[in-house]
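Here is how the chains run, residue by residue.
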Amino acid sequence: MPDVVLVVLDLLGIAVFAATGALVAVRKELDVFGAIVLGAITGLGGGVVRDLLIGAVPPAALVEWTYLVAPLVAAILVFVFHPTIGRMEKQIGVLDAVGVALFCVTGAVKALEFGLGVLPAALCGLLTAIGGGMMRDVLAGRVPVIFREELYATPAFAGALLAVAAVELDLGAWAYGVAAGVCLVWRLLALWRGWKAPLPPGIDRG
Amino acid sequence: MPDVVLVVLDLLGIAVFAATGALVAVRKELDVFGAIVLGAITGLGGGVVRDLLIGAVPPAALVEWTYLVAPLVAAILVFVFHPTIGRMEKQIGVLDAVGVALFCVTGAVKALEFGLGVLPAALCGLLTAIGGGMMRDVLAGRVPVIFREELYATPAFAGALLAVAAVELDLGAWAYGVAAGVCLVWRLLALWRGWKAPLPPGIDRG
Amino acid sequence: MPDVVLVVLDLLGIAVFAATGALVAVRKELDVFGAIVLGAITGLGGGVVRDLLIGAVPPAALVEWTYLVAPLVAAILVFVFHPTIGRMEKQIGVLDAVGVALFCVTGAVKALEFGLGVLPAALCGLLTAIGGGMMRDVLAGRVPVIFREELYATPAFAGALLAVAAVELDLGAWAYGVAAGVCLVWRLLALWRGWKAPLPPGIDRG
């Protein structure tokens, strides 16, 4: 994958996640700095954890100024336009799914580039995709959405596995698109149709 | 300590902790993926933090597939058999104590192997033993058990110190057993007899 | 900055933050080990995260015994004298502000010494200053104070930026004092005068 494409997709995912973090901050009635900090942590947290795990230190999020501007702009936009953005529940779900789809691919590809094996790289893709959202929810004092919602981790892991396969088989850029697309479509279908994973035996869904 | 023994003990500890994480997930009525993710984080979290701190990157938990299979199997078993397992409150307390005893030893020994000094290595043992459980509790939205319960951190730190002594004095494998045993017995006695650490002056135990 | 000054300031900041962590523990009626663990995490957490991010592994907090004694002593003092210390709400706010002012400077300077650029180093200073407190609050089950309070992150970031400028322009030790002083005074004024950051449009301050 050409590096510039990887970077643009990464920045897009960061901005999208940062927007979800800033929105949580606005709903908790935090001030503008709370929105920026929570937005930045949501947008960059997954990638920072991945970079620590693969030994890419200091993490890209800390070194490249573009990685800092993306969540800053996204958080401020959400802060200012939140009455409009807050009504767009559905669109935010779609954006979040786009972020997950982008991060599971870019996370897995970066881990491979740092010499990790196939399965570890796929796990890094998964962690990149879900890490920021988990930090957002823990900091905001709620159980992470990944534990409460429709299928979330599974599509991300599938996308990461496909991205790893695309690199290993040297399939070219279109295959990354397929990987992200599978993750995105699966997640959106789960969201719209309310697909649920199995609950423990003997427990009913409220 | 022969490496294979270290690995087997480590895997055992991971599976045990993962089971406690999955059980928390089941009680919070999370779905099967929630149980797997929370189980994996509980089982592997302490070791990953230790590996990051000692510079063992990428962490073993991410690279060795055996380290991934252990929590996966444990979490699924708990998920399926939870009505039975859920009644085994006492047995789970024992298993958790076994996990703590194993991790404080293996964590301290690994840190020494990576060149850390005596006290830092003992602290790494402590962190390995309590880290996963703290992540489990924070993610599940409750104050970490280590802050609420009978003696927990002290036995783990004692076990880690003894393990460090065993390595430094070149005492051989039996001494690791003693280290883990001291931690285990101490913790179990605290559990069964309700040993408590001192509360702040002027505060009564509810 | 002479290394010994940096270390003394760092230790002072650690002790102060550890005291705030131990005080939260006492108020939650945790026992003496809870106070020590929460104090140590609050005092050392920000620096450990910074060290991981800049590749200073193993972190200083784990290797230098002085870094361990400082929070231990502070936590035990708070535990024993909490009825007196607990009434000193105002003094604790001042101490916490001193800790923030010290950490944003030492954190930024250390990051520069490890080869980070200007903006990344300033961010490391910010993270050092706010990281431990965020961990304290998440572990204690409350939304981080940085999200709830008067201006907190902004003075820390300003102090970190000034510290970076002091190093880059080779201004000497007095400039570090100015950097910490600006952060401290700004934070104290925010605390005493109730300066607030803007809330989202359409939301009133309760």
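The rules behind these values
Every chain is numbered independently, its residues counted from 1 as its sequence is written. Going through the entries in the order they are written, you letter the chains from A and number the ligands from 1. Given that the model is predicted, a residue must reach a pLDDT of at least 70 before its local features are reported, and side-chain atom pairs must reach 80 or more before they are shown or counted; all residues, however, enter totals for whole chains, interfaces and linings. Heavy atoms from the whole structure form the basis of all side-chain values; hydrogens and water molecules are not counted. Secondary structure elements are taken from DSSP: a helix is a run of H or I of four residues or more, a strand is a run of E of two residues or more, and numbering for both begins at the N terminus. Partly exposed describes any residue whose relative accessible area lies between the buried limit of under 20% and the exposed limit of over 50%, with all areas from a 1.4 Å probe on protein chains only and scaled to the type maximum. Should any heavy atoms of two residues lie within 4.5 Å, those residues are counted as being in contact. Per-residue and other accessible areas follow the Shrake-Rupley method at a 1.4 Å probe size, with only the shown protein chains counted as cover for residues. When charges are tallied, Lys and Arg are placed among the positive residues and Asp and Glu among the negative ones, while His and the ends of the chain are skipped. Think of each charge as sitting on NZ of Lys, CZ of Arg, CG of Asp or CD of Glu. A least-squares superposition brings the copies together, and it is based on the C-alpha atoms of residues with pLDDT no lower than 70 in both. Take the accessible area each of two parts loses on contact, using a 1.4 Å probe, and add the two losses: that sum is the buried area. The salt bridge definition used is simple: a Lys or Arg side-chain nitrogen within 4 Å of an Asp or Glu carboxyl oxygen. Each polar contact in these results corresponds to two N or O atoms within 3.5 Å; when the atoms are within protein, one needs to be able to donate a hydrogen and the other to accept it, and residues that are neighboring in sequence are counted only if both atoms are side-chain atoms. UniProt positions are given in the numbering used here, feature names are shortened, and annotations may be inferred rather than shown by experiment. A patch is a set of surface residues, each over 30% in relative accessible area and not in a salt bridge, joined within 9 Å for like charges and within 5 Å for the nonpolar side chains Val, Leu, Ile, Met, Phe, Trp and Tyr. Each Phe, Tyr or Trp ring (for Trp, its six-membered ring) is paired with any other whose centre lies within 6.5 Å, and the angle between the two planes then decides the class: stacked below 30 degrees, edge-to-face above 60, tilted in between. Note on method: axes are straight lines fitted to C-alpha atoms, helices fitted across the in-contact stretch only, with angles between N-to-C directions ranging 0 to 180 degrees. In what follows, roughly perpendicular refers to angles from 65 to 115 degrees, roughly parallel to angles under 35, roughly antiparallel to angles over 145, and oblique to any angle outside these ranges. Gly is placed with the polar residues, together with every amino acid not listed as nonpolar (Ala, Val, Leu, Ile, Met, Phe, Trp, Tyr, Cys and Pro) or charged (Asp, Glu, Lys and Arg). The span one expects for a helix is its residue count, reduced by one, times 1.5 Å. Throughout, the bend at a residue refers to the angle made by two axes, fitted to the seven residues ending there and to the seven starting there.

Observations concerning the overall build of chain A
Counting its regular elements, chain A contains 9 helices and 0 strands. Dimensions of chain A along its principal axes, counting C-alpha atoms only, are 50 × 45 × 25 Å. Across the 206 residues of chain A, 57% fall into the buried class. Within chain A, contacts between residues separated by at least 24 positions form 73% of all contacts whose residues are at least 6 apart in sequence. When the accessible surface of chain A is split by element, carbon and sulfur atoms take 69% of a total near 8200 Å². For chain A, the distance from the average site of its 13 positive side-chain charges to the average site of its 15 negative ones is 10 Å.

Details of the relation of the copies chain C and chain A
One copy of the chain maps onto the second through a rotation around an axis plus a translation along that axis. It takes a turn of 120 degrees to lay chain C on chain A, together with a shift of 0.0 Å along the axis; the resulting RMSD is 0.0 Å. On the angle and the small slide along the axis, the relation comes out as a three-fold axis.

Side note on the interface of chain A and chain B
Of the residues lining the interface, 25 residues belong to chain A; the matching set on chain B comes to 26 residues. Where chain A abuts chain B, roughly 2100 Å² becomes buried across the two surfaces, and 79% of that area is made up of carbon and sulfur atoms. Seen at the junction of chain A and chain B, the total is 0 salt bridges. In terms of residue count, helix 6 (residues 118-139) of chain A provides more of the side of chain A that touches chain B than any other element does, 6 residues in total.

Re the interface of chain C and chain A
Taken residue by residue, the interface counts 24 residues in chain C and 26 residues in chain A. Taken together, both faces of the contact between chain C and chain A bury some 2100 Å²; the carbon and sulfur share is 79%. Of all residues in chain C, C:Leu53, C:Phe147 and C:Pro201 give up the largest surface area on contact with chain A, accounting jointly for 28% of the area buried on that side. For the pair chain C and chain A, the interface holds 0 residue pairs in polar contact (both at pLDDT 80 or more). Breaking the side of chain C that touches chain A down by element, the ones donating at least two residues are helix 2 (32-54) and helix 6 (118-139) of chain C.

A word on the pattern of salt bridges
Between side chains of opposite charge, a pair can form when the charged atoms approach closely. Residue and element names in this part refer to chain A. Applying the stated criterion across every chain, the model contains 12 salt bridges over all chains. Measuring nitrogen to oxygen at the nearest pair gives 2.9 Å for the salt bridge that ties Arg-142 to Asp-137. Overall, Arg-142 belongs to the partly exposed group, its relative accessible area being 32%. Look at Asp-137 and you get buried, because its relative accessible area is 0%. Through salt bridges with shared partners, a single network forms among Arg-50, Asp-51 and Lys-110.

Examining the UniProt feature "transmembrane region" (unreviewed entry) in chain A
All names here are of chain A. When the UniProt feature table is mapped to this numbering, "transmembrane region" (unreviewed entry) covers residues 6-26, 33-53, 65-85, 92-112, 118-139, 151-167 and 173-192. Strand forms 0% of residues 65-85 and helix 100%; the C-alpha atoms that close the span are 26 Å apart. In residues 173-192, the share of helix is 100% and the share of strand is 0%. The end C-alpha atoms are 29 Å apart.

Side note on a nonpolar patch on the surface
Together, A:Trp65, A:Val69, A:Leu72, A:Val73, A:Ile76, A:Leu77, A:Val80, A:Phe81, C:Leu119 and C:Leu161 make up an exposed nonpolar region whose accessible area comes to about 850 Å². With 8 residues, helix 4 (residues 65-87) of chain A is the single largest residue contributor to the nonpolar patch. Here A:Val80 shows up in helix 4.

Topic: the relation of the copies chain A and chain B
Under the fitted operation, chain A is carried onto chain B by 0.0 Å of movement along the axis and a turn of 120 degrees, and the coordinates agree to an RMSD of 0.0 Å. Here only 8% of the contact residues of chain A are again contact residues in chain B; the copies associate through non-equivalent surfaces.

So, the packing of aromatic side chains
Residue and element names in this part refer to chain B. What the rule picks out here adds up to 3 aromatic pairs over all chains. With a centroid separation of 5.0 Å and an interplanar angle of 40 degrees, the aromatic rings of Phe-17 and Phe-103 are classed as tilted. With Phe-17 in helix 1 (residues 3-27) and Phe-103 in helix 5 (residues 89-113), the pair connects residues that are 86 residues apart, well separated along the chain. Of the residues examined, Phe-17 reaches a relative accessible area of 2% and is grouped as buried.

Some words on the packing of helix 8 (residues 153-168) of chain B against helix 9 (residues 173-193) of chain B
All names here are of chain B. Between helix 8 and helix 9, the shortest axis-to-axis distance is 8 Å and the interhelical angle comes to 170 degrees. Of the possible angle classes, the one that applies to helix 8 and helix 9 is roughly antiparallel. Together, Thr-154, Pro-155, Ala-156, Ala-158, Gly-159, Leu-162, Ala-163, Ala-166 and Val-167 of helix 8 and Ala-175, Tyr-176, Ala-179, Val-182, Cys-183, Trp-186 and Arg-187 of helix 9 make up the contact between the two elements. Residue composition of the contact of helix 8 with helix 9, grouped by class: 13 nonpolar, 2 polar and 1 charged.

Re the UniProt feature "domain: Glycine transporter" (unreviewed entry) in chain A
UniProt annotation of "domain: Glycine transporter" (unreviewed entry) refers to residues 8-82 and 94-166 of chain A when read in the numbering used here. As annotated, residues 8-82 of chain A has a helix share of 87% and a strand share of 0%, and its two end C-alpha atoms lie 25 Å apart.

Examining helix 6 of chain C
Residue and element names in this part refer to chain C. Across its 22 residues, helix 6 extends 32 Å between first and last C-alpha, which sits within 8% of the 32 Å expected from 1.5 Å per residue. The axis of helix 6 is deflected most strongly, by about 35 degrees, at Ile-130. In the segment just after helix 6, Gly-141 is the residue with positive phi, at about 75 degrees.

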